[in-house]
Amino acid sequence: MIEILTPTDLLRAKDSGALVADILQTLKSRSAVGTNLLEIDAWARSMIMEAGAQSCYVDYEPSFGRGPFGHYICTSVNDAVLHGLPHDYTLADGDLLSLDLAVSLGGVVADSAISFIVGDVQPSESVALIDATERALSAGIAAAGPGARIGDISHAIGSVLTAAGYSVNTEFGGHGVGSTMHQDPHVSNTGRPGRGYRLRPGLLLALEPWVMADTAKLVTDADGWTLRSVTGCRTAHSEHTIAITNDGADVLTLPRA
């Protein structure tokens, strides 16, 4: 289903996006050497509940996961790139942490992900991975607007990632959002311009470029959820929810100053 939001729902989407951005930035500021992933999950739960919002993850049970997710945020460390199930792990200096959060507020979902390095050690490979996903996300947003097509976004994202030297996995990518977290259209992280669904004002999309340093192949962890690079290499993931407007793309999950 492709859902086109009403002007009233778009105002609610702005509130959802601001909440997701605020929570992610708070969690980033609290995530330090010695922080446990389960602490991050507990902080996310508390902030979601205090805002009167609903988690999109805790009861989520898709075909690619093992049972309900059971947690409030995805915490992916180093070689984990997507759907990282929070567990008893303490962050170390130089760890690359990706946080992915989706909540519903006022009946509208916003979804965003950030990647950052914990502590003082800044491995150059990790810095490059994060930079590539952030630049690809910016390119995808710039390609989105009324009259453009999904393939234009995919091509813009994929061009940045491949130019940076990374292979692109097409199993998971961006997607529509609205009253539910995962909707059509699918937004691959590579594609051909001029193809696919034509964007319309009122459409919400979650764009999410992600890469692995030396492979495009994933392996599912023993927890049934966490997706890791098959080679054990480092990974990164960046995501924003955008609203298509008459003037272009409005980024709903940008951190506030």
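It should be emphasised that the depicted structure is a prediction, and the values quoted were computed from it without experimental measurement.

1. Focus on the packing of helix α1 (residues 7-30) against helix α2 (residues 37-50)
Where α1 meets α2, the closest approach of the two axes is 10 Å, and the angle between their N-to-C directions is 145 degrees. Along this stretch, α1 crosses α2, giving a crossing that reads as right-handed. Facing I23, T26, L27 and R30 of α1, the residues of α2 in contact are I40, W43, A44, M47 and I48. Partitioned by chemical class, the residues of the contact of α1 with α2 number 7 nonpolar, 1 polar and 1 charged.

2. Description of the packing of helix α3 (residues 124-142) against helix α4 (residues 150-163)
Where α3 contacts α4, the two axes come as close as 8 Å, and the packing angle between them is 155 degrees. With respect to their mutual orientation, α3 and α4 come out roughly antiparallel. The interaxial crossing formed by α3 with α4 has right-handed handedness. Where α3 abuts α4, its residues A132, T133, R135, A136, A139 and G140 lie against I153, A156, I157, V160 and L161. In terms of residue class, the contact of α3 with α4 is built from 8 nonpolar, 2 polar and 1 charged.

3. Focus: the packing of aromatic side chains
A complete count under the given rule lists 6 aromatic pairs for this structure. Summarising the aromatic geometry, the rings of F64 and W225 are spaced 6.2 Å apart at their centres and angled 85 degrees between planes, so their arrangement reads as edge-to-face. Of the two residues, F64 sits in the loop between β1 (54-55) and β2 (74-77) while W225 sits in the loop between β10 (218-220) and β11 (227-229), which places them 161 residues apart along the sequence. A relative accessible area of 33% means that F64 is categorised as partly exposed. You can call W225 buried: its relative accessible area is 3%. Ring pairs connect the aromatic residues Y57, Y60, F64, F69, F172 and W225, which therefore count as one cluster.

Here is what the cut-offs are and how they apply
Residues numbered from 1 in each chain as written. Predicted model: local features only at pLDDT ≥ 70, side-chain atom pairs only at ≥ 80, totals over all residues. Heavy atoms only, no water. Axes fitted to C-alpha atoms, helices over the stretch in contact; angles between N-to-C directions. Helix = DSSP H or I, 4+ residues; strand = E, 2+ residues; numbered from the N terminus. Left-handed = near helix turned anticlockwise from the far one by under 90°. Contact = heavy atoms within 4.5 Å. Nonpolar A, V, L, I, M, F, W, Y, C, P; charged D, E, K, R; others polar. Parallel < 35°, antiparallel > 145°, perpendicular 65-115°, else oblique. Phe/Tyr/Trp six-rings, centres within 6.5 Å; stacked < 30°, edge-to-face > 60°. Buried < 20%, exposed > 50% of the residue type's maximum accessible area, 1.4 Å probe, protein only.

Note that every value here comes from positions in space, so none of it alone points to a role or purpose.
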